[in-house]
Amino acid sequence: MARLSEYDCIGFDLDHTLIQYKLDNFYPVTLVAEKGYDPCLLEDNFEDLKDFWYLRGLVLDIKRGNILKLGKDGFILRATHGTREMSKEELSKCYGEEIVWHEISLLKENPSQHYDNGYYFPVIVKNTAKYIKSCSQKIVDWIRALRAEGKKVFLLTNSFIDYTNVLMNFAVGENWKELFDIVICMAGKPVGEKEVDSVEELKEKQIYSRGNHRDLMAFLEKQTNKNKPKVDIIAGKQYFVKYTKHNT
């Protein structure tokens, strides 16, 4: 296994990497009181819930107060209401005989259109300190040291630019962009065919959305003056197809 010092470029993910969450506060009293969640969610010990809750890709259906594990095209594979697993009969009653979460079509059409209108983002913005931990100064100093050594450092996240900016402003400070040679948000496959303000070439010290691996590698090759520089991404990998430049 190569040492980190052997890499030319270091990429950082956002969630659970640079940004650490205060997970206990993500089970608010309102969900227990209004949606009938089990009061044990307000306790500290979640060991009994790990078989379901530690799965990736869970969806919180705010309207019905259910937590869903989705399959293809929104088919509900499993679901809980609070900590209680729902039966097939309950799922049919809530979601119809097909047992499909139809709201997934809205996200496929245009995820950014619905992002700011739900429960999650406004709550984070209103009281960021309640849900987000400050980034360790040692981490910030380490990133600066990597750049001082001549390494190219970038932020690569599937999160939207507004969400990224809110979290990084709080956790790192308003000058967080200075830590990176380039920032790429929404680094998942695009949903719509139309994209505004697309760019032909990535530029240093800019923030982009979406994109593709080829263009990112071309940017890193130009920045390092190396053919196929060694790149390591800490904590995650994303695939992206088309960039949009953000003026921030």
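Calculation criteria
Residues numbered from 1 in each chain as written. Predicted model: local features only at pLDDT ≥ 70, side-chain atom pairs only at ≥ 80, totals over all residues. Heavy atoms only, no water. UniProt positions renumbered as here; feature names shortened; annotations may be inferred. Helix = DSSP H or I, 4+ residues; strand = E, 2+ residues; numbered from the N terminus. Buried < 20%, exposed > 50% of the residue type's maximum accessible area, 1.4 Å probe, protein only. Arc of directions from axis to C-beta. Phe/Tyr/Trp six-rings, centres within 6.5 Å; stacked < 30°, edge-to-face > 60°. Lys NZ or Arg CZ within 6 Å of the ring centre and 35° of its normal. Core = buried A, V, L, I, M, F, W, Y, C linked by side-chain atoms within 4.5 Å. Contact = heavy atoms within 4.5 Å. Pairing = 2+ DSSP bridges.

- Looking at an unreviewed UniProt entry, the chain carries the name 5'-nucleotidase domain-containing protein 1, with the source organism given as Acropora cervicornis.
- UniProt's Sequence similarities (unreviewed entry) comment on the chain is quoted here verbatim: "Belongs to the 5'(3')-deoxyribonucleotidase family."

**Quick notes on the environment of Leu68**
- Examined against the element boundaries, Leu68 turns out to sit in strand S3 (residues 66-70).
- With eleven residues separating them in the primary sequence, Leu68 and Ala79 have C-alpha atoms 4.5 Å apart.

**Describing helix H9 (residues 161-171)**
- Ile161, Tyr163, Thr164, Leu167, Met168 and Ala171 are the residues of H9 that are buried. End-on view of H9: buried residues confined to an arc of 155 degrees, all on one side of the axis.
- Directly after H9, the chain includes Gly173, whose backbone phi takes a positive value near 125 degrees.

**Comments concerning the packing of aromatic side chains**
- On inspection of all chains with the given rule, the structure shows two aromatic pairs.
- Consider the rings of Phe12 and Trp142, whose centres lie 5.6 Å apart with planes at 85 degrees: the pair is edge-to-face. Here Trp142 lies in helix H8 (residues 137-148) and Phe12 lies in strand S1 (residues 9-12), a separation of 130 residues in the sequence.
- With a centroid separation of 6.3 Å and an interplanar angle of 65 degrees, the aromatic rings of Trp176 and Phe180 are classed as edge-to-face.
- Given the relative accessible area of 0%, Trp176 is considered buried.
- Across the ring face of Tyr7, the terminal group of Lys230 is positioned such that the distance to the ring centre comes to 5.1 Å.

**Notes on the nonpolar core**
- With 28 residues, the main nonpolar core has Phe12, Ile19, Leu167 and Phe180 as its most contacted residues.
- Contributing elements (two or more residues each) for this core: S1, helix H6 (120-126), H8, strand S6 (152-156), H9 and strand S7 (182-185).
- Broken down by element, this core gets its largest block of residues, five residues, from H9.
- Discounting chain neighbours no more than four positions away, the residues touching Phe12 are Thr17, Leu18, Trp142, Ile143, Leu146, Val153, Phe154, Leu155, Leu156, Phe180 and Ile234.
- Within the second largest apolar cluster, twelve residues are counted, among which are Leu156, Ile184, Leu216 and Met217.

**Comments concerning the pairing of S1**
- Of the two faces of S1, the one holding Cys9 and Gly11 and the one holding Ile10 and Phe12 are both buried throughout.
- Bridge count for S1 against S6 is four bridges, and the pairing is parallel. In the sheet register, Ile10 faces S6, and the bridge partner there is Val153.
- In terms of strand pairing, S1 meets strand S9 (residues 231-234) through four bridges, oriented parallel.

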